[in-house]
Amino acid sequence: MTKETPTTVEGAMPSPWTDYITPFATAIGKSEEEVTTALKPLVGEPGEQAIDLLKNEEFTPFEEIKSKFDSVPVAVLKMAVQKHLRVAPEPVAASAVAPVPTATLDALPPVPADDAWLTMLRTGGELKVSTTHVISAVRAALASRSNLYDLPNELVERMESHAEALEEPVGEDFFALRKLITQRSYAEIFAALKVDGQFVTQRRKGAFLTRLDEHLWPALLSFQDQLKAWTESWQQTMGNPAAMMGAFAAMAGGGAMPPGMMTPPPTDSLRDAAEAVNDRVNKVFAGIGIPVSMALAYDAQRIKEVLENPSLPMQIGAVNREQMLKMLGVDVSSDYVRLERNVTRYALSIFEFPKVTSGQEELAYLTSLLMLGSQIPWDKLSGSSRSSHRRGTRRDNASMEV
């Protein structure tokens, strides 16, 4: 590396300057005298004032320092300036500034992916309502409302009719579907419970889906209504809805509550509402609800896998998957997938809410939950289920009943 011609500096350099500039000079391969001479047009005579100027990017921009050391590789110079000349940020004591939780959906418990959820079913076995069982119940309830459970019967009927119309034999997919209807086995998810798969009859499934309609949806909707009422109460206390929305936006962006904001209403009623949801869900699982919910959710998962068969549409005379779903009257579009995930996450979040610490963390959690709830079309979840599965009007194989 070619060094610039050193310039003699009269007199000894101040000790603080030497201590400050020597590591930088070493890092770029120059002497203290060379660096001092090169920087003198920028900061003046070496000393405390020159040190203060070099520590500040505003007073001594990197580009100006670079112009004084053209022979030094840019990357080397950048590292040396950052490491030896600039002021490192002082660590903030943990007690000085309390972190403010960010109000985003990441604050809420995640929903396991399908593979992870099936693994949870297989390794589960404790006879209590757990995260696994809540997920099972939500998936079963949404599948029922989407007529998903009617799909295998509809498919085999249409596949047989279409094959007859074409005067061709049915394919292997037809018999695979028939097996799905008549030989349902839950051995892999019931191993830990020691439950016989034939125990989960069509009658028991229908009764469980009825309880879901009567308790799950009203419980979740009631909590959402109370959460909205709590928020509106806070807005009224503020007397300025615009300011309130600004506060929510600040929290959603990770900031603290704006100064001057009035204390939010107590959250005791919301915690009571969360406990009420827990009680309603316990009613859903009363008796034999746990194995039935697992079986229904497992059925729904297997039926959705059937829909992924790319050759299925043409076997019933449909042009594509979308037309096939319309012909069958089944709603499992991307909206359905998103709805299933959002509702499941919302339910799990309510169960976790009593564990959230009061204060900023609680406000961020409730704000996140309100955001998630606003994305759920609650009007589609109210009222009776559309599926005829729970009413037993489908022509199910007699061997399925006990």
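Residues numbered from 1 in each chain as written. Predicted model: local features only at pLDDT ≥ 70, side-chain atom pairs only at ≥ 80, totals over all residues. Heavy atoms only, no water.

Topic: the overall build of the protein
Moving on, step 1. Counting its regular elements, the protein contains 19 helices and 0 strands.
Moving on, step 2. When each of the 402 residues of the protein is scored for burial, the buried share is 43%.
Moving on, step 3. A separation threshold of at least 6 residues defines the contact pool for the protein, and within that pool the share at least 24 residues apart is 79%.
Moving on, step 4. Summed over all atoms, the accessible surface of the protein reaches about 20500 Å², with 54% contributed by carbon and sulfur. (Helix = DSSP H or I, 4+ residues; strand = E, 2+ residues; numbered from the N terminus. Buried < 20%, exposed > 50% of the residue type's maximum accessible area, 1.4 Å probe, protein only. Contact = heavy atoms within 4.5 Å. Areas by Shrake-Rupley, 256 points an atom, 1.4 Å probe, with all protein chains shown as cover.)

Regarding the packing of helix α7 (residues 131-145) against helix α14 (residues 289-306)
Moving on, step 1. The N-to-C vectors of α7 and α14 enclose an angle of 55 degrees; their axes lie 8 Å apart at closest approach. Viewed along their axes, α7 and α14 adopt a mutual orientation that is oblique. Handedness of the crossing formed by α7 with α14: left-handed. Here α7 contributes His 133, Ser 136, Ala 137, Arg 139, Ala 140 and Ala 143 to the contact with α14, which in turn contributes Ile 290, Ser 293, Met 294, Leu 296, Ala 297, Ala 300 and Gln 301.
Moving on, step 2. Here the contact of α7 with α14 is built from residues that sort into 8 nonpolar, 4 polar and 1 charged. (Axes fitted to C-alpha atoms, helices over the stretch in contact; angles between N-to-C directions. Parallel < 35°, antiparallel > 145°, perpendicular 65-115°, else oblique. Left-handed = near helix turned anticlockwise from the far one by under 90°. Nonpolar A, V, L, I, M, F, W, Y, C, P; charged D, E, K, R; others polar.)

Points about the environment of Arg 211
Moving on, step 1. The residue Arg 211 is located in helix α11 (residues 202-238) in this model.
Moving on, step 2. Sequence separation between Arg 211 and Arg 280 is 69 residues; the distance between their C-alpha atoms is 9.7 Å.
Moving on, step 3. Those residues in contact with Arg 211 that lie beyond four places of it in its chain are Leu 216, Lys 283, Val 284, Ala 286 and Gly 289.

Quick word on unusual backbone geometry
Moving on, step 1. In this model, Asn 147 sits at a positive phi of 60 degrees, which is unusual for a non-glycine residue.
Moving on, step 2. Look at Asn 147 and you get buried, because its relative accessible area is 14%.
Moving on, step 3. Phi angles above zero are rare outside glycine, and Glu 167 is one such case at about 55 degrees.
Moving on, step 4. On the secondary structure map, Glu 167 appears in the loop between α8 (151-165) and α9 (172-182).

Details of the confidence of the model for the protein
Moving on, step 1. On average, residues of the protein carry a pLDDT of 77, and 74% of them reach 70 or more.
Moving on, step 2. Looking over the protein, one finds the lowest element-wise mean pLDDT in helix α12 (residues 241-252), namely 57, and the highest in α8, namely 91.
Moving on, step 3. Scored below 50 in pLDDT, residues 123-127 makes 6 contacts in the model with residues more than four places away or belonging to other chains.
Moving on, step 4. Below a pLDDT of 50 lies the segment residues 386-402, which in the model reaches 49 contacts outside its immediate sequence neighbourhood of four places, other chains included. (pLDDT = per-residue confidence, 0-100.)

Focus: the pattern of salt bridges
Any two side chains of opposite charge can pair, on the condition that their charged atoms come close.
Moving on, step 1. The full count for this structure, using the stated rule, is 9 salt bridges.
Moving on, step 2. Between Lys 40 and Glu 45 there is a salt bridge, and its shortest N-O distance comes to 2.8 Å.
Moving on, step 3. Its relative accessible area of 41% is what places Lys 40 among the partly exposed residues.
Moving on, step 4. For Glu 45, a relative accessible area of 51% puts it in the exposed group.
Moving on, step 5. The shortest N-O distance in the salt bridge between Glu 57 and Arg 86 comes to 2.7 Å. Of this pair, Glu 57 sits in the loop between α3 (48-55) and α4 (62-67) while Arg 86 sits in the loop between α5 (74-85) and α6 (114-123); the two residues are 29 residues apart in sequence, bridging distant segments of the chain. (Salt bridge = Lys/Arg side-chain N within 4 Å of Asp/Glu carboxyl O.)

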